[in-house]
Structure formats: structure tokens, C-alpha cells
Amino acid sequence: MPIALFVLGLTVFSLGTTEFMIAGLLPELAAGFGVSVPDAGLLISLFAVGVVIGAPAMTMLTARVPKKATLVTLLVVFVLGESLAAAAPSYGVLMAARVLTAISHGAFFGIGAVVAANLVPEGKKARAIATMFGGLTIATIAGVPLGTFIGQHFGWRTTFWAVAVLGLISLVGVSTLVPHQPRGEQPGIRNELSAFANPKVWLALATTMLSQAGLYAAYTYIAPLLINVTEFPRTAVAPLLMLFGVGSFLGTVLGGRFADRGPMTTLTVGLVLLSGILLLFSVTAHNGVTMIATLALFGVAGFLINPALQTRVMNESAGAPTLTSASNISAFNIGNALGPWLAGLGISSGLGYLAPSWIGAALAGAASLTALVGVAADQRQHRTAATSAAAGARSEPAVSSS
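Rules behind the numbers
- Residues numbered from 1 in each chain as written.
- Predicted model: local features only at pLDDT ≥ 70, side-chain atom pairs only at ≥ 80, totals over all residues.
- Heavy atoms only, no water.
- Helix = DSSP H or I, 4+ residues; strand = E, 2+ residues; numbered from the N terminus.
- Rg over C-alpha atoms; globule rule 2.2 N^0.38 Å.
- Buried < 20%, exposed > 50% of the residue type's maximum accessible area, 1.4 Å probe, protein only.
- Lys, Arg positive; Asp, Glu negative; His and termini not counted.
- Salt bridge = Lys/Arg side-chain N within 4 Å of Asp/Glu carboxyl O.
- Contact = heavy atoms within 4.5 Å.
- Domains from an automatic or database assignment.
- Buried area = accessible area lost by both parts, 1.4 Å probe.
- Polar contact = N/O pair within 3.5 Å; in protein donor to acceptor, adjacent residues only side chain to side chain.
- Nonpolar A, V, L, I, M, F, W, Y, C, P; charged D, E, K, R; others polar.
- Phe/Tyr/Trp six-rings, centres within 6.5 Å; stacked < 30°, edge-to-face > 60°.
- Patch = residues over 30% accessible without salt bridge, like charges linked within 9 Å, V, L, I, M, F, W, Y side chains within 5 Å.
- Areas by Shrake-Rupley, 256 points an atom, 1.4 Å probe, with all protein chains shown as cover.
- pLDDT = per-residue confidence, 0-100.
- Expected span 1.5 Å × (residues − 1).
- Core = buried A, V, L, I, M, F, W, Y, C linked by side-chain atoms within 4.5 Å.
- Axes fitted to C-alpha atoms, helices over the stretch in contact; angles between N-to-C directions.
- Parallel < 35°, antiparallel > 145°, perpendicular 65-115°, else oblique.
- Left-handed = near helix turned anticlockwise from the far one by under 90°.

Novice: For this particular structure, what's the right way to read the overall build of the protein chain?
Specialist: Within the protein chain, the regular secondary structure consists of 16 helices and zero strands. Here the protein chain has a C-alpha radius of gyration of 22 Å; the compact-globule value for 402 residues is 21 Å, and the two agree. When the backbone C-alpha atoms are referred to their principal axes, the protein chain occupies close to 90 × 50 × 35 Å. Burial analysis of the protein chain (402 residues in total) assigns 53% to the buried set.

Structure, rendered in C-alpha cells:
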């Protein structure tokens, strides 16, 4: 794999760390600005909103700008956002800095995935995307715990400064090691928008949203499940979440390899597996050993599908994949918000801490149905093309052999 892919992976590690580290720093942030913990939690919600809006908006604004120049600009904005957050004199300024960072974050993921795919030949594109997105899973294993540790021992501002430095290193790496994309590969905004006329693009986006809603419905409330149902001590939660992170990294690597061979097969099988594992929590959550095994499998299944999700939406975009790729990042984040909200309703209605896994299984099951509809649409399209080709061959005049 080209070294540029690992540079993109390092950048995604920085982006993923700043996205998820807030959860571990909520008490410090709330105390630092004299706000409640739920109010500090808005830093997470508004970040997601910034990604949902910013990813497609920034992509449209930069449609005619070379992709490498766009990535460099987005990283400059990211470093400025992290620096502003680190020096924020008030909660409002910190919130504005988070939204600014989110806008660059979402657009980088979408455009970066297209750049990553263009760095390798056909047959390795999903693996290239998986390499880039592997930085996100490493962020959950190492970046977020380390960021939380730094914030708790040296102050939350130090964590933001550390991520800003990582962003600066990524900026240098992208500027020097990521090659320029040929100008011929920069379709205009009209071509980018025309991709949305394809119903299969919308099916792919729906699959992404529903699958991530299912994943994060269960993951958001996994700590209360481990403590209150499996009865692990609170001190065991962090190591167990790291185990989930290891599983997610393995799932991303395997997903890239499998998706290159058959993206829709990988996606459909992965979604059915995810739904089944989430249902399995109802049986295994009452025993420590079986819960540990299921948690690791949950990480594998939850991230096995991600390379296929991103590859699918790009493959359906008819040579103009940048905006749909960015929109897929928005779909990820809509699902990230929808799933926990539905799971929270389940807990509030008195269904207990197993409710998020049931709701997650239903959402993952719905995602598998949209994926199957996509498979059926592919098969119908292939049959139509084969019929048209056969009809064209029959209509050609015979060539005389004399």
C-alpha cells in the first residue's frame, strides 16, 4: 500500500480522537466552564450536526478545487479549530470551535476516501479505504483513552493542544506525501449532483444510516450493560472497551479485504451477523466470559461493514463520487445520533439495559433489508444489460464469408 494511505490513516486517527474524546472529558469541561454535564454533552451533539451539514456543503464548495489542495485546506481549518478550542475563554467559543472542527472533519473523511481509492488499482480500493479508516478504529483503542488520561491529569486544554499538534503533523504529511489528483478527475458540481438521480445511491445511504444507528444504539449504552447486567466492576469497563476497539480494528481490516472481492456480499453478510450478535447479548450478557467474547465479536461485525458501505456508495456514483462519499459520512453521523436516541427511549420506557441491543438488532436488520434491495436492483440491472446486449447482437447483419 502507498505511504500516502498511512498518512491519511494518521490524519483520520487525529480526527477520530477529537470526535470521541469529549465523552471522557465531560466532567472536566463542565467544571471548567461552570455548566452541567448534559450541557457539556451538547459539544458531542453539535459536533455531529456540524459533520452532517459540513461534509456535503464543503464538498460542494470545493467541487472544482483539486482534491489535495482541498485536503490541505481542511487540515488548516482543523488545526485552527483545535487551537481555538484549546484556548477557548468561554463555553460559547469552545462550542464554535467544535463546530468549525466538525465541518472540516466530515469533508475530509468524504474527500479523503475518494483520494485513497484513487491511489490504488481496481481490486484494492476497498482495502485502501479500510487502511484510511483504520485510523479511526485505532483512535478508539488508543487515541481516546490517551486523550482522556491527558485531560484528567494535565487539564483538558492540554488534550486539545496535543490533537492540534497531531493535526499539524498530518498537515505536513498530506502536503508532502499525498500525490496530486489529475485535474481530469475533478467533476463539476452538476455531475456530482447527478449521482443522486440513481436510486441505488439513496439505498446505499439508507443502509449506512440504519447500520450505524444499530451499531451505536448498542455501543452508546454498553457501559451500563456491562455494569448493571453482567455486573462487571466499573474499573473493568475501560479495558473491555479497548477489547471492542481491537475487534473493530480487526473488522475494518477484514472488511477491506472481503469488500474488494464482493462488496455487497460482505455488506449483507456483515449486517446479518451484526444483527445476530446484538440479539445474542440477551443470552450472553448475564455471564462474564460469554459477554467478553460477544463484545469482541460485536466490534468485528460492527466495523466489518464500513469499507463496503463507503465503497458501495462510491461505486454507484457514475464517475462523480466525491459528494456522495461526503454524504455517506453525513449518513454515518445521522445514524450515530438516531440510534442512541431510540435506545434511550427504550431504556426510559422501562425495558432495561438490554433494550439498546434489541433496538440495535432491529435497525441492523432493517439495514440488511435495504442492502438486499440493492442486491436485487444490481441483479435486475445486469439482466437488463445482458438482454439489451443479446438483442443488439441479433439485430446486427450477418457478415458474409465469401
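Novice: Help me out: how do you make sense of the side chain of Glu82 in this one?
Specialist: Looking at the secondary structure, you find Glu82 in helix H4 (residues 67-86). An unpaired buried charge is present at Glu82: no salt bridge exists, and Arg98, the closest side chain of opposite charge, is 4.8 Å distant. Residues contacting Glu82, with those up to four places away along its chain left out, are Thr18, Met21, Thr101, Phe160, Val163 and Ala164.

Novice: In this structure, what is going on with the domain arrangement of the protein chain? I would like to understand it.
Specialist: It is common to give the size of an interface as the accessible area lost on bringing the parts into contact. Under the domain assignment used here, the protein chain contains domain 1 (1-178) and domain 2 (195-386). Each of domain 1 and domain 2 has a C-alpha centre, and the two are 22 Å apart. Taken together, the contact pairs 30 residues of domain 1 with 26 residues of domain 2. Taking both partners together, domain 1 and domain 2 bury about 2,300 Å²; carbon and sulfur atoms supply 73% of that area. Inspection of the region where domain 1 meets domain 2 yields one salt bridge. For Arg127, the salt bridge goes to Asp260, with nearest N and O atoms at 3.7 Å. Our count for the contact surface shared by domain 1 and domain 2 stands at four residue pairs in polar contact (both at pLDDT 80 or more). At the level of elements, helix H1 (3-20), helix H3 (37-61), helix H5 (91-118) and helix H6 (125-154) are the ones that each hand at least two residues to the side of domain 1 that touches domain 2. The biggest single contributor to the side of domain 1 that touches domain 2 is H6, with eleven residues. Residue classes in the side of domain 1 that touches domain 2 are distributed as 18 nonpolar, seven polar and five charged.

Novice: How should the packing of aromatic side chains be read in this particular structure?
Specialist: Two numbers describe a pair of aromatic rings. These are the distance of the centres and the angle of the planes. The tally for this structure, following the rule as stated, stands at nine aromatic pairs. Ring geometry for Phe281 and Phe298: centres 5.6 Å apart, planes at 85°, overall edge-to-face. On the criterion of sequence distance, the pair formed by Phe281 in helix H12 (residues 263-284) and Phe298 in helix H13 (residues 288-304) is long-range, its members being 17 residues apart. No difference in accessibility class separates Phe281 from Phe298, as the two residues are buried. Grouping aromatic residues by their ring pairs yields a cluster made of Tyr216, Tyr219, Phe244, Phe281, Phe298 and Phe303.

Novice: Can you help me understand a nonpolar patch on the surface in this one?
Specialist: A cluster of nonpolar side chains, Leu42, Leu46, Val49 and Ile53, forms an exposed patch at the surface whose accessible area comes to about 330 Å². Topologically, Leu42 is positioned in helix H3.

Novice: I would appreciate a short explanation of unusual backbone geometry in the present structure.
Specialist: Generally, phi is negative for residues other than glycine and the peptide bonds are trans, each holding for most cases. The backbone of Glu231 sits at a positive phi, close to 65°, despite the residue not being glycine. With respect to the helices and strands, the residue Glu231 is situated in the loop between helix H10 (222-228) and helix H11 (237-261). A relative accessible area of 63% means that Glu231 is categorised as exposed.

Novice: When you look at the confidence of the model for the protein chain in this model, what are you seeing that I'm missing?
Specialist: Close inspection of predicted coordinates is inappropriate in any region flagged by low pLDDT. With 91% of its residues at a pLDDT of at least 70, the protein chain reaches an overall mean of 85. Mean pLDDT across the secondary structure elements of the protein chain bottoms out at helix H8 (residues 189-194), with 68, and peaks at helix H7 (residues 156-177), with 95.

Novice: I tried to follow H5 on my own but got confused; where do I start?
Specialist: Count 3.6 residues to each turn of an α-helix, and residues three or four apart come out pointing the same way. Here H5 contains 28 residues, and its C-alpha end-to-end distance of 41 Å stays within 8% of the 40 Å for a straight helix at 1.5 Å per residue. The element H5 is extensively covered by neighbouring structure, given that 21 of its 28 residues are classed as buried.

Novice: Got a minute to help me understand the environment of Gly123 in this structure?
Specialist: Mapped onto the elements of the fold, Gly123 is located in the loop between H5 and H6. It is 5.4 Å that separates the C-alpha atoms of Gly123 and Asp260, two residues lying 137 residues apart in sequence.

Novice: Please clarify how the nonpolar core should be interpreted in this entry.
Specialist: Nonpolar side chains tend to gather and get buried jointly when the protein is soluble and globular. Core analysis: the biggest nonpolar cluster contains 101 residues, and Leu8, Leu94 and Phe298 have the highest contact counts within it. Broken down by element, this core gets its largest block of residues, 14 residues, from H5. Leave out the neighbours within four places in its chain, and Leu8 touches Leu71, Phe108, Gly112, Val115, Ala116, Leu119, Met132 and Val178.

Novice: I keep staring at the packing of helix H2 (residues 22-33) against H6 and nothing clicks. Help me out?
Specialist: Between two packed helices, the angle of one axis relative to the other and the distance separating the axes together describe the packing. Relative to each other, H2 and H6 sit at 15°, their axes nearing to 9 Å. Classed by the angle they form, the pair H2 and H6 counts as roughly parallel. The handedness of the crossing between H2 and H6 is left-handed. Along its contact with H2, which presents Gly24, Leu25 and Glu28, the element H6 presents Gly147, Thr148, Gly151 and Gln152. Grouping the amino acids of the contact of H2 with H6 by side-chain chemistry returns one nonpolar, five polar and one charged.

Novice: Is there a simple way to explain H7 in this structure?
Specialist: With 22 residues, H7 ought to run about 32 Å at 1.5 Å a step, and its terminal C-alpha atoms sit 32 Å apart, in line with that. Against H1, H2, H4, H5 and H6 lie the buried residues of H7.

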